[in-house]
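# A structural walkthrough
Here is what each chain is made of, one letter per residue.
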Amino acid sequence: MGSQDVKLISFWGSPFGYRVQWALKLKGIDHEYIEEDIFNKSNLLLQLNPVQKKVPVLVHHQKPVPESYIILEYIDETWKQSPLLPQQPYHRALARFWAKFAEEKILDAAWIAMCSSGEDKEKGVNIAREAAEKLEEEIKGKKFFGGESIGFLDIALGWISYWLPVWEEVGDMKILDPSKFPAITAWMSNFLNHPVIKDCLPPRDKMLVYFHSRREALS
Ligand code: GSH
C-alpha cells in the first residue's frame, strides 16, 4: 500500500481507468493498483461502488470515489501539486464543458460505431467526426489543451490518442483522418510522447484482441 493510503480499482483496458492512473502519476501520488475483472465483479467492487458497479474507483483513506471525471477533480482538490484544472473559474468551466462534450459526442458515438455496421456505423462515425471538428479548432496552435503542460482536458481526451485508433481498426472505420485533423493529430503525438503517458498505456496488441471480442459480443 502506498504511503498516502490511496487505492485504485480499475481494469487494464479501461480508458476511464487510465485517466485516473495518469493523474496520479502526473502528481506523483503513491497508490496501490487493484485489477478488477469487470466480467466477474469482485465483492470489493460491489461494496465500493454499489450504485454503478463500474471501474474506476479511487479509494482514499477507505473512502471510495467513483466516476473518472469526478475522481480527477477529487485528486486535483486533494493534492494541489501540478494542478490539472486551470486556475480561473471561467477556464475551469470551459475545460469541464469540452470534457463532457467529447464524452457524449465522440466517445459514445465512436464506441457505437465500432460495435455496429451499416447505417448505425455511418451515423456514429459522422457524429464523432463532427464533434471532433469542434475540438480541432480548440487545439489549434497549442501543444496541449492545458497549454504547455498536460491538464484536465488532455487527460479527459487522452483516450483519443490511443484507444480511438484501436477502435477505428477494430471497427474498420476512420473517424480522425490526419489530413483533415492535423491539429488533433499533432496533439495526439504530443500526448503519447509525454514521459508519464508513454510509460502508462496498455499493450496495443492485447487491446486489439480485447476490443475485437467486445465488438463481436455487442454487435
Ligand atoms: N462514466 C464512467 C467513468 O468515466 O468512470 C464509465 C466507467 C465504465 O464504463 N467502466 C467500465 C465498467 O466498469 C469499464 S471500461 N464496466 C462494467 C459494467 O458496465 O458493468
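Values in this document were obtained by computation on a predicted structure and should not be read as measured data.

## Overview of the pairing of strand β1 (residues 6-10)
Burial analysis of β1 places 4 of its 5 residues in the buried class, the great majority of the element. Judged from the 4 bridges that link them, β1 and strand β3 (residues 57-60) form a sheet pairing that is antiparallel. Bridge pairing in β3 places I9 opposite V57. As paired strands, β1 and strand β2 (residues 32-35) are joined by 4 bridges and run parallel to one another. In the sheet register, K7 faces β2, and the bridge partner there is E32.

## Looking at unusual backbone geometry
The amide bond that connects V55 to the next residue, P56, takes the cis arrangement and shows omega of 5 degrees. Tracing the backbone through its elements, the reader meets P56 in the loop between α2 (43-48) and β3. In this model, E67 sits at a positive phi of 75 degrees, which is unusual for a non-glycine residue. Secondary-structure assignment places E67 in the loop between β4 (63-66) and α3 (68-78).

## Looking at the environment of Y210
Relative to the helices and strands, Y210 resides in helix α10 (residues 204-218). Spatially, the C-alpha atom of Y210 lies 20 Å from that of I106, the residues being 104 residues apart in sequence. Among residues more than four places away in sequence, those in contact with Y210 are F11, W12, I38 and F39.

## Some points on the domain arrangement of the protein
One can read the domain layout of the protein as domain 1 (6-78) and domain 2 (89-218). With 18 residues of domain 1 at the interface, the matching set in domain 2 holds 24 residues. In total, domain 1 and domain 2 occlude about 2,000 Å² of area from one another, counting both sides; carbon and sulfur atoms represent 75% of this. Of all residues in domain 1, W12, W22 and Y69 bury the most surface against domain 2, accounting for 38% of the area lost on that side. For the pair domain 1 and domain 2, the interface holds 2 salt bridges. Our count for the domain 1 to domain 2 interface comes out at 7 residue pairs in polar contact (both at pLDDT 80 or more). Listed by contribution, the elements that provide at least two residues to the side of domain 1 that touches domain 2 are α1 (15-26) and α3. The greatest single-element share of the side of domain 1 that touches domain 2, amounting to 9 residues, is contributed by α1. Looking at the side of domain 1 that touches domain 2, its residues break down into 12 nonpolar, 3 polar and 3 charged.

Conventions adopted
- Residues numbered from 1 in each chain as written.
- Predicted model: local features only at pLDDT ≥ 70, side-chain atom pairs only at ≥ 80, totals over all residues.
- Heavy atoms only, no water.
- Buried < 20%, exposed > 50% of the residue type's maximum accessible area, 1.4 Å probe, protein only.
- Helix = DSSP H or I, 4+ residues; strand = E, 2+ residues; numbered from the N terminus.
- Pairing = 2+ DSSP bridges.
- Contact = heavy atoms within 4.5 Å.
- Domains from an automatic or database assignment.
- Buried area = accessible area lost by both parts, 1.4 Å probe.
- Salt bridge = Lys/Arg side-chain N within 4 Å of Asp/Glu carboxyl O.
- Polar contact = N/O pair within 3.5 Å; in protein donor to acceptor, adjacent residues only side chain to side chain.
- Nonpolar A, V, L, I, M, F, W, Y, C, P; charged D, E, K, R; others polar.

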